[in-house]
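So you can see what is in the structure, the chains are spelled out below.
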Amino acid sequence: MQDATDMTTNTDRIDARDIAQEVAQEASASQSAPLVDLHTLTHGQLLALIAELGQPKFRAKQIEEWIWEKNAQSFDDMTNLPKALRAQLASRCTLGGATEIARQVSEDGSRKYLLRFPDGVSVECVGMPSGPKLAVCISSQAGCPMGCAFCATGASGFNRNLSAGEIYEQVMHVRDDFDSRVTSVVLMGQGEPFMNYDNALTAMRKLNSPDGAGIGARHITVSTCGVIPMIRRFSKEPEQFTLAVSLHSAVQKTRNLLMPGVKKYSLLHLYEVMGEYVDRTGRRPTYEYALIKGVNDSDEELASLCDFCRDNLAHVNIIKLNDVKGSKFKPASDARALDFVRELGKVGVEATIRNSRGQDIDAACGQLRQNVLNG
């Protein structure tokens, strides 16, 4: 029979083993916990993290400056933070980060990028310099669910929504590559922004914020295929962001053919909601019209477009369709584009022909991604 001393010793050994096991389990759980992308944290969440790490509140502001204004690529870049805090952040968080996997430079100075995020998803963005100005076109989704017949992105299908940080990071990538301040942004790349409304709006607000990119609201444009409920919601936002609507035809049958993803939203209802938008905001929307030979460039199509835009505060942007390899859709002639501008002007509708950029590279949304990933 064991004496009391032996029994106590065995008990102590059991307790010690249990404690060691618990510590090991906690350590293992800590190591396996997914790292949090700092771009996804609200200011309040970042303050909570800083408090948990035993740091003063002002550290949160410093970290946000590194993330949103300086586009830090590693925690080591954050030189005004203590090394111990940088190590703590590195063990718990990530800076997300997009890797450039392809880059094309046009003769006109435009640069197109294919960026890959940590989960392997890739998107395109474009930088377009013009004198001292730099415009950036960014994507809101990886792929697109709308299935527009003439769009290279639509042909590749839909992968997922982008986070607000991933949308914002495209602008920062272009800014840093040009080493120049971005003066305007259009959410006109891959995806339908209004099918990713909350993330797109959050990114736009951060782009507008003086604590972010500091771009004027009127120089930030969101382009939608015509998702009516979201247009109505967007008209109630307080910022003076600019709205563009991909119209491409004012004939319902033709538009259904070209843009099946918004077939349920009729042109009549689109006309009504755009009237509400103008009345509520007082801002001029843009209608985008990609002129396609033999599809939406007829006299009937032109007359319908004039009727849709007449007596309505609108600007029509005539776009020369990108000639995508393998597509059955071809661009209409320059002369026909001038016809559209002239006839719209006769009914009091301002219209211009978009100055296409990057024609010597993979200009259409989705082309670069297709060529790199499939070629």
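Up top is the structure.
Here the structure is a predicted model, which is why all the values come from computation and not from measurement.

Q: What exactly am I supposed to notice about the packing of helix α2 (residues 43–52) against helix α3 (residues 58–69) here?
A: What describes two packed helices is the angle between their axes and the distance between those same axes. In contact at an axis separation of 9 Å, α2 and α3 are set at 125° when each is read in the N-to-C sense. By the criterion of interaxial angle, the relationship of α2 to α3 is oblique. Viewed along their axes, α2 and α3 form a crossing whose handedness is right-handed. Here H43, L46, L47 and I50 of α2 come into contact with α3, specifically with R59, A60, I63 and E64. Residue composition of the contact of α2 with α3, grouped by class: five nonpolar, one polar and two charged.

Q: I tried to follow the pattern of salt bridges on my own but got confused; where do I start?
A: When the charged atoms of two side chains lie near each other, side chains of opposite charge can form a pair. Counted according to the given criterion, the structure contains 19 salt bridges. A salt bridge links D176 to R175; its shortest N-O distance comes to 3.0 Å. For D176, a relative accessible area of 39% gives the class partly exposed. R336 is the salt-bridge partner of D299, the closest N and O atoms lying 2.8 Å from each other. In this pair, D299 sits in helix α11 (residues 299–309) while R336 sits in helix α12 (residues 334–346), placing the two residues 37 residues apart along the sequence. For R336, a relative accessible area of 16% corresponds to the buried category. If you follow the salt bridges from partner to partner, you end up with D299, R336, D339 and R342 in one network.

Q: What exactly am I supposed to notice about the nonpolar core here?
A: Across soluble globular proteins, you tend to see nonpolar side chains buried next to one another. Of all hydrophobic cores here, the largest spans 98 residues; its most connected members are L270 and V316. Per element, the largest residue contribution to this core is seven residues, and it comes from helix α6 (residues 164–178). Not counting the four nearest positions on each side in its chain, V316 is found in contact with Y287, Y289, L305, C309, L344, V349, E350, A351 and T352.

Q: Explanation requested: the side chain of N317 in the structure shown.
A: By the element assignment, N317 lies in strand β13 (residues 315–320). Taking the relative accessible area as the measure of exposure, N317 reaches 14% and is therefore buried. Leave out the neighbours within four places in its chain, and N317 touches T286, Y287, E288, Y289, T352, I353 and R354.

Q: Is there a simple way to explain the pairing of strand β4 (residues 111–116) in this structure?
A: Within a regular strand, the side chains alternate between the two sheet faces. Taking burial as the measure, the six residues of β4 include five buried ones, the bulk of the element. Two strands pair when backbone bridges link them, and strand β3 (residues 99–105) and β4 are joined in this way by six bridges, in the antiparallel orientation. Residue pairing in the sheet places V105 in a bridge with R111 of β4. The loop that links β3 with its antiparallel partner β4 comprises five residues; one of these, G109, has a positive phi angle of about 95°.

Q: Quick question: what am I supposed to make of the packing of aromatic side chains here?
A: Given two aromatic rings, their pairing is described by the distance between the two centres and the angle made by the two planes. Under the definition given, this model contains six aromatic pairs. Here the aromatic rings of W68 and Y168 are separated by 4.9 Å at their centres, their planes lie at 85°, and the arrangement is edge-to-face. Placement of W68 in helix α3 and of Y168 in helix α6 is noted, with a sequence separation of 100 residues between them. Of the two residues, W68 and Y168, neither departs from the other in class, the shared state being buried. Consider the rings of F194 and Y197, whose centres lie 5.5 Å apart with planes at 45°: the pair is tilted. Exposure remark for F194: the relative accessible area of 5% places this residue in the buried category. Pairwise contacts between aromatic rings join F194, Y197 and F234 into one cluster. In this structure, K70 packs its charged tip against the face of W66, placed 4.1 Å from the ring centre. Positioned above the aromatic ring of F178, the side-chain terminus of R111 is 3.9 Å from the ring centre.

Q: I keep staring at the layout of surface pockets and nothing clicks. Help me out?
A: With a probe scaled to a water molecule rolled over the atoms, the places where space remains empty come into view. The volume enclosed by the second largest pocket comes to roughly 280 Å³. Along its surface, the second largest pocket is lined by 18 residues, and H39, L41, T42, W68 and K206 are the ones closest to its centre. Mapped by element, the contributors of at least two residues to the lining of the second largest pocket are α2, α3, α6 and α7 (197–208). Tallying contributions element by element places α7 first for the lining of the second largest pocket, with four residues. A per-class count over the lining of the second largest pocket returns seven nonpolar, eight polar and three charged.

Q: Please clarify how the sheet that holds β3 should be interpreted in this entry.
A: One open sheet holds the 10 strands; their spatial order is β3-β4-β5-β6-β9-β10-β11-β12-β13-β14, and the pairing between them is mixed. The open sheet is flanked by β3 and β14 (350–353), the only strands paired with a single partner. Neighbouring strand axes in the sheet, compared pairwise and without regard to direction, differ in orientation by 20° on average. Pairing geometry for strand β6 (residues 133–138) and strand β9 (residues 184–187), over four bridges, is parallel. Following the sheet pairing, I138 is matched in β9 by L187. Running at roughly 165° to strand β10 (residues 220–224), α7 makes contact with β9 and β10 of the sheet. Of the strands in this sheet, β12 (286–291) and β13 touch α11, which is tilted by about 175° from β12.

Reading the values: rules and limits
- Residues numbered from 1 in each chain as written.
- Predicted model: local features only at pLDDT ≥ 70, side-chain atom pairs only at ≥ 80, totals over all residues.
- Heavy atoms only, no water.
- Axes fitted to C-alpha atoms, helices over the stretch in contact; angles between N-to-C directions.
- Helix = DSSP H or I, 4+ residues; strand = E, 2+ residues; numbered from the N terminus.
- Parallel < 35°, antiparallel > 145°, perpendicular 65-115°, else oblique.
- Left-handed = near helix turned anticlockwise from the far one by under 90°.
- Contact = heavy atoms within 4.5 Å.
- Nonpolar A, V, L, I, M, F, W, Y, C, P; charged D, E, K, R; others polar.
- Salt bridge = Lys/Arg side-chain N within 4 Å of Asp/Glu carboxyl O.
- Buried < 20%, exposed > 50% of the residue type's maximum accessible area, 1.4 Å probe, protein only.
- Core = buried A, V, L, I, M, F, W, Y, C linked by side-chain atoms within 4.5 Å.
- Pairing = 2+ DSSP bridges.
- Phe/Tyr/Trp six-rings, centres within 6.5 Å; stacked < 30°, edge-to-face > 60°.
- Lys NZ or Arg CZ within 6 Å of the ring centre and 35° of its normal.
- 1 Å grid on protein atoms, 1.4 Å probe; cavity = no way out; pocket = protein on both sides within 12 Å on 5 of 7 lines; lining within 4 Å.
- Points joined across faces, edges and corners; volume = space filled by probe spheres on them.

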